[in-house]
Amino acid sequence: MLDNTEFRNRIDVTHQKQESCLKARTAIFHIDQVKTEVRLPCGMVKDWLPSGTKPQNSQPPYLLNITDPDGRSVYDDLYMGEPHYGPGQTTYTITLNGTRSGNMTQNFTGFMLYAYNEFDDEDSGDFLSPLPAGVSKRECHFNDTRQFIEVLENSTNSMYWHSIQIKWRSPKKSISGKITISASVVKEDGIFWDGISVTLNHACPMPGCYLPDGCPNGLARNKYGCTICECAGASSVTVGFLSLAVIMFSALKNWI
C-alpha cells in the first residue's frame, strides 16, 4: 500500500508526462502550421522566349512617362536637373505608350514593369490596384539581391496594347534613395526591348545649421546624398586626435 508521499509523487510524475505530451503536440501543430516563404528571383522577359533570344539594341518604339496627381510630368518638375518623387507619400500615374509613326501607333503584346531602389534596404513604393485586365502583380528578389520588389507583368500574346496606365505610390519616407521604374516590352514573339526606364530622385531638405567654427571641408552628406549638419571628415579628424593621444600616452609610458 502506497503512503501519501509516494502517492503524491506518482501523481506529479503523471502530470509531468501529460504536460510534456501536450507541449509536444502543440509544437507539432505549430510546425505543421508554419509556411516557408520562398522568395523567387524576378526573372526577365527573355525567360518567356526561346533560349538565346536577345533584346533589341535599337531605339525602342515605346515611351515611359510618370505624372503626378495634377497631371504634370515628372520631367516638368526637376530637382537638381532630375525628376523626383515626393515630398510625402504620393500616388503617380505610370504610362507606357507605343510611339506614333504616321497613322500607326506601335503596339505590344507583353511587358514587365519593375520599381527598384538604389539601396537594397529601402522601399521602392507600391503598384496599386485595380490593375488593367490581364495584368498580374507578384513579389520577387531583384537581380539576385536581397531587395524584395513588386513586378507587374502581362505575357498574353492574344492581347495587343497601344498604351497602358498603372498607379504607383511612392514610399512613406520622403527620402528613400533613387527609385527606377523600368519596363521590358515585347512587340511580338522574339522581339523585345529592355531598360525603358525613368529614375526618380528625392528632394533633399536644406539643413538649418549653425556651426560657429565653420567646416574646413564643407558639410557632410548622408548615404542619400543630402547635406547634413556635420562637418565633412569630422570622424576622421576625431580619429586623428584619438590616435595622437594614444601615441603620446604610449611614448610617455615608455619614457617613465
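In the block above lies the structure referred to throughout.
Residues numbered from 1 in each chain as written. Predicted model: local features only at pLDDT ≥ 70, side-chain atom pairs only at ≥ 80, totals over all residues. Heavy atoms only, no water.

Caption draft 1: Examining the environment of Thr105 more closely. Following the sequence through the fold, Thr105 ends up in strand S6 (residues 104-105). A relative accessible area of 21% means that Thr105 is categorised as partly exposed. Put simply, Thr105 and His162 are 57 residues apart on the chain and 6.7 Å apart in space, counted from C-alpha to C-alpha. Among residues more than four places away in sequence, those in contact with Thr105 are Gly98, Thr99, Arg100 and His162. Here the side chain of Thr105 touches Arg100 through a polar contact of 2.9 Å, side chain to side chain. (Helix = DSSP H or I, 4+ residues; strand = E, 2+ residues; numbered from the N terminus. Buried < 20%, exposed > 50% of the residue type's maximum accessible area, 1.4 Å probe, protein only. Contact = heavy atoms within 4.5 Å. Polar contact = N/O pair within 3.5 Å; in protein donor to acceptor, adjacent residues only side chain to side chain.)

Caption draft 2: The arrangement of the state of the cysteines in detail. In the structure shown here, the tally under the stated rule is four disulfides. Paired through a disulfide, Cys209 and Cys229 show a sulfur-sulfur distance of 1.9 Å. Measuring the twist about the S-S bond at about -90°, one finds the Cys209-Cys229 disulfide to be left-handed. Highlighted residues: Cys209 in the loop between strand S13 (191-202) and strand S14 (219-221) and Cys229 in strand S15 (residues 227-231), separated in sequence by 20 residues. The class of Cys209 is partly exposed, set by a relative accessible area of 30%. Its relative accessible area of 38% is what places Cys229 among the partly exposed residues. (Disulfide = S-S within 2.5 Å.)

Caption draft 3: The sheet that holds strand S7 (residues 110-117), seen in detail. The sheet built from seven strands is open, its strands ordered S2-S3-S13-S12-S7-S10-S9 with mixed pairing. In this open sheet, the two edge strands, each paired with only one partner strand, are strand S2 (78-79) and strand S9 (136-141). Sheet topology note: the S7/strand S12 (residues 179-188) ladder contains eight bridges and is antiparallel. Paired with Ala115 across the bridge in S12 is Ile181. (Pairing = 2+ DSSP bridges.)

Without other data, these values stay purely geometric and don't point to any function.
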